[in-house]
Structure formats: C-alpha cells, structure tokens
Amino acid sequence: MTSYNAIGLDQQKAGELAQKLNKLLANYALFYQNTRGYHWNIKGDKFFELHLKFEELYNDLFLKIDEVAERILTLGHSPNHNFSSYMKETEIGESIQVTEGPKAVADILNAFKIIIKLQRELLLLSEAAGDEGTNSLMSNYISAQEKSVWMYSAFLGK
Ligand SMILES: [Fe+2]
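A brief report on the enclosed structure follows. These numbers were taken from a predicted model, which means no experiment stands behind them.

Now for the overall build of the protein. Along the protein, the regular secondary structure elements total 5 helices and 0 strands. Along the protein, helices and strands appear, N-terminal first, in the series α-α-α-α-α. For 158 residues, the compact-globule formula gives about 15 Å, and the C-alpha radius of gyration of the protein, at 17 Å, lands near that figure. Dimensions of the protein along its principal axes, counting C-alpha atoms only, are 65 × 30 × 20 Å.

Our focus in this paragraph is the side chain of His39. Among the structural elements, His39 can be located in helix H1 (residues 11-41). Judged by its relative accessible area of 6%, His39 is buried.

Looking now at the packing of aromatic side chains. Scanning the model with the defined rule gives 8 aromatic pairs in all. Ring geometry for Tyr32 and Tyr58: centres 6.0 Å apart, planes at 85 degrees, overall edge-to-face. Here Tyr32 is found in helix H1, whereas its partner Tyr58 is found in helix H2 (residues 47-74), with 26 residues between them in sequence. Residue Tyr58 is classed as buried on the basis of its relative accessible area, which comes to 6%. Ring centres of Tyr32 and Phe62 lie 5.9 Å apart, and the angle between their planes is 40 degrees; on these two criteria the pair is classed as tilted. Taken together, the positions of Tyr32 in helix H1 and Phe62 in helix H2 put the pair 30 residues apart, joining distant regions of the chain. By way of ring pairs, the aromatic residues Phe31, Phe112 and Tyr152 are connected into one cluster. Stacked on the ring of Tyr58, the Lys or Arg Arg36 has its end atom at 4.0 Å from the ring centre. A cation over a ring is seen here: Lys64 above Tyr141, with NZ or CZ 4.7 Å from the ring centre.

How each quantity is defined
- Residues numbered from 1 in each chain as written.
- Predicted model: local features only at pLDDT ≥ 70, side-chain atom pairs only at ≥ 80, totals over all residues.
- Heavy atoms only, no water.
- Helix = DSSP H or I, 4+ residues; strand = E, 2+ residues; numbered from the N terminus.
- Rg over C-alpha atoms; globule rule 2.2 N^0.38 Å.
- Buried < 20%, exposed > 50% of the residue type's maximum accessible area, 1.4 Å probe, protein only.
- Phe/Tyr/Trp six-rings, centres within 6.5 Å; stacked < 30°, edge-to-face > 60°.
- Lys NZ or Arg CZ within 6 Å of the ring centre and 35° of its normal.

Treat this as a map of the structure, not an account of what it does.
Listed below in structure tokens is the structure:
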C-alpha cells in the first residue's frame, strides 16, 4: 500500500527526489565555492567586468543552495550540509587558483552543463511523482541557466 508524506506525495518517490536533490545540492556547493575563487583570483584586462560578474553568479548560487536544501526538507528529508558528503556526491570538481578569465568561464560553462543535466533528470522524477513544487523550481532554474550558458559562451566567442 502506498504511503504519503505531509504534502501528499508518495513517500518512496519523495525519497528518490530528495536523494537526487542532495546530489544537486552537492554540485551547487562546489559550483558556489569555485565561483568565489574565480571572483577572488581573476587577473587581467577583464578583471573589473569578470570580478563583478562572478559575484553576481555566486550570489545567485548561494540563494539556490538554500532553496534546494529547503525543498529537501519540505519533501520530509534532510539536506546534506557537510563538505565530506558534498565531495562524495559531486560531479563538479574543485577548481583551484584559476586566474585567467577564459579558463574560469569555460569551467563555469562545464558546471552549468552538469547542473542543467541533473535538473532535467529531476524533472523526470518530479513529473512521475506529481511533485509540482520541485518541477517548477527546476524548470525556472533551467530556463534562466540556459540563457546564462548562451551569454558565457558568447563571452568566449562561441
Ligand atoms: Fe568580493
């Protein structure tokens, strides 16, 4: 017999969603911390432009980290908050001492690719569970991030 959580979702499906959202959270945590590094360490003639752009990006990632964690709680599960679990779950690696703009932007594009792909996988799960809350969160993230991918790609002349 199916059991339901506090918001009326199938317990098992909510558990699968929470697990995948924790994987997304780990990737956001690495993406966030990497972007702090780009903001701090960037050098060169695009310094002022990129230093500000990366600040805008990490502020956005900071908000999303909180939203994803609180969605996991809303589903009745616990968000991971320790770096050791993030390191186990993340596909985005640590980027260390990146000082060149094009390298930072290429890393950011790679991180977006990983994040957007995970969010699309989450859309399949949330749709199957009838979880409109997670569904709309993911689809809002995806459409805005796809536009960011276009702009960061244009910066690289691609
Ligand atoms: Fe700063």
